[in-house]
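# Fold and geometry: a report
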Amino acid sequence: MTTFTGPDICKMEAHGVVALLRKGELSPADLIDASEARLAQIEPDVNAVPVICADRARAAASALSGDTDHPGWLAGLPIGIKDLTAVEGVRSTNGTKSLAEFVPKVSDPIVTRLETRGGLIMGKTNTPEYGAGGNTFNEVHGATFNPWDTRLNAGGSSGGAAVSLATGSLWLSHGSDHGGSLRTPAAYCGIVGLRPSPGRCASGSVVGFIGEGVQGPMARSVTDCALFLDAMSGFEPRAPLSFPAPDTPFQDAVQRADPKLRIAFAPDLGGFAPVDADMARYLAKAMAAMVGAGATVEEACPDLPDLERTYHVIRGGMWAANFIKAPKSLTQHFKPTLAENLAFGLSLSAEDIAKAQLSRSLIYDNMRIFLERFDVLACPVVGNMPHLQSEEWVREVGGQSLTGYMDWLRFAFLPTVAGLPAISVPVDLSDKGLPVGLQLIGPPRGEAKLLAAARAVEMVMGGPLGPIDPVVGKS
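What you see is a predicted model, and the numbers here were worked out from it, not measured in a lab. Here the residue numbers are simple positions, counted from 1 along each chain's written sequence. Whole-chain, interface and lining totals are the exception, using all residues; otherwise, since this is a predicted model, local features are given only for residues with pLDDT of at least 70 and side-chain atom pairs are given and counted only at 80 or more. Heavy atoms from the whole structure form the basis of all side-chain values; hydrogens and water molecules are not counted.

### Observations concerning the side chain of Ser359
Helix numbers and strand numbers start at the N terminus; a helix is a DSSP run of H or I with at least 4 residues, a strand a run of E with at least 2. Inspection of the secondary structure puts Ser359 in helix 13 (residues 350-370). Residue contacts follow a heavy-atom distance rule, with two residues in contact if any of their heavy atoms lie within 4.5 Å. Leave out the neighbours within four places in its chain, and Ser359 touches Pro305, Asp306 and Thr310.

Printed below as a string of structure tokens:
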């Protein structure tokens, strides 16, 4: 049984709060005060938002302006920004010692867009160093802890964002994703994390033509996630892969949710990724519930040739491009796993890159054709329930020994390689009372269909989960 002892307004879903803001029945100041009070209450136990800028939010609230009729208008809602993304005048560390005191003079384009659409930046959420890894800790701000059991991993790299939502200190929180960074922490913390299509949520980058690392929304419910995606979406000339938002808001798609879905279920992605027995059991139960609600579920998976090597080559190329011109003063403090990423990327040959591009194109085509028969492909977000936070990465899943620090995150690779939208949605609580997440993968630029499917799953499974007080030292 979970409890929540924060301000009542912090329990509300974001879309409900925004509706009250639009009507003038709540003020941004009310929300900033509530968020600040909740952060003071729970941050010592979870360390999700290490940089708080409430005064900046108050100043922004007094100057709110913009397109108030825009479907993504947030009307003065306090939000979180992941500490990989620059916010003007706010300490932005990337979780690395070299930037421990860095204060940018210019905000990232996605921050500017969210502020233009009525979002108030309340704080920076914690991340592993440069977002590398599925466990949120760094040498600047320390570790973030899972609110359902503070001994456990909250997931990464958008771990602080997920925890800020699960504990009710924020209503919406921004994240980013390459290897599951929006999806893993969402699954582990019982919230919703959507990895959009490349270019959907445009951000600034020195590697603007490398689109596998995406920005995206995290929220407590699918409806809130759709609202936040509407706020984030749009063409940005500084982002060469970006494209305009759709004419129909994503929030409309959620209203059309119907559980009579055609679901392909791939419990281990055709043998690609190991799964612990308890995770397999929880997700099979969720699929049975969907069948009971009228869905058609077929165990099926397309051919995914050379997916693992392809993902690692793509990832290595990104790290190499990001840091090939970086001064030693910026890279000298890298944790070992991040240094290994960079070294691998710099070792790649033209043949490695060419083969990866051929493989990813074939994987994309196989998925595109496969998803003409199904609404979504369902699979685990991650093959195991959260381990101890002190365990940097999981070394055994489903009885298989793992040797690389990304091996336990293999379920994250497919959407990244194929450029497809994917979402993590809570479907159950485990035998130990921890949230269980299900990953749904949608068709190309199919966020609307994906959100509708996720909302249908959420309704059938009795979600969303509400915010909780951190469970400290659970036995």
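### Overview of the environment of Leu450
Structurally, Leu450 is set in helix 15 (residues 447-460). Buried means the residue's accessible area, taken with a 1.4 Å probe over protein chains only, is under 20% of the maximum for its type, while exposed means over 50%, and partly exposed covers the values in between. In this structure Leu450 comes out as buried when scored by relative accessible area, which is 0%. In this structure the C-alpha to C-alpha distance between Leu450 and Ile423, which are 27 residues apart in sequence, comes to 7.6 Å. Those residues in contact with Leu450, other than ones at most four positions away along the chain, are Leu194, Val376, Pro421, Ala422, Ile423, Leu440, Ile441 and Gly442.

### Some words on the packing of helix 10 (residues 307-323) against helix 12 (residues 336-347)
Put simply, helix 10 and helix 12 touch, their axes get as near as 7 Å, and they point 95 degrees apart. Taken together, the axis directions place helix 10 and helix 12 in an arrangement best described as roughly perpendicular. For the pair helix 10 and helix 12, contact is made by Arg309, His312, Val313, Arg315, Gly316, Gly317, Trp319, Ala320 and Phe323 and by Leu338, Asn341, Leu342, Phe344, Gly345 and Leu346, respectively. Amino acids outside the nonpolar list (Ala, Val, Leu, Ile, Met, Phe, Trp, Tyr, Cys, Pro) and the charged list (Asp, Glu, Lys, Arg) are all regarded as polar, and Gly is one of them. In terms of residue class, the contact of helix 10 with helix 12 is made up of eight nonpolar, five polar and two charged. Throughout, an axis means a line fitted to C-alpha atoms (over the contacting stretch in the case of helices), and angles, computed between N-to-C directions, take values from 0 to 180 degrees. Angle categories are assigned with fixed cut-offs, so that under 35 degrees is roughly parallel, over 145 is roughly antiparallel, 65 to 115 is roughly perpendicular, and the rest are oblique.

### What about the nonpolar core?
Here the nonpolar core consists of buried residues drawn from Ala, Val, Leu, Ile, Met, Phe, Trp, Tyr and Cys, with membership extended through side-chain atoms lying within 4.5 Å. Core analysis: the biggest nonpolar cluster contains 116 residues, and Leu77, Leu377, Leu414 and Leu440 have the highest contact counts within it. At eight residues, the largest contribution of residues to this core is made by helix 7 (residues 222-232). Apart from the residues lying within four places of it in its own chain, the contact partners of Leu414 are Leu269, Leu304, Leu307, Ile363, Met367, Leu377 and Ile441. By size, the runner-up hydrophobic cluster in this structure holds 22 residues, among which are Leu39, Val46, Met122 and Leu165.

Function cannot be read off these values alone, since they describe shape.
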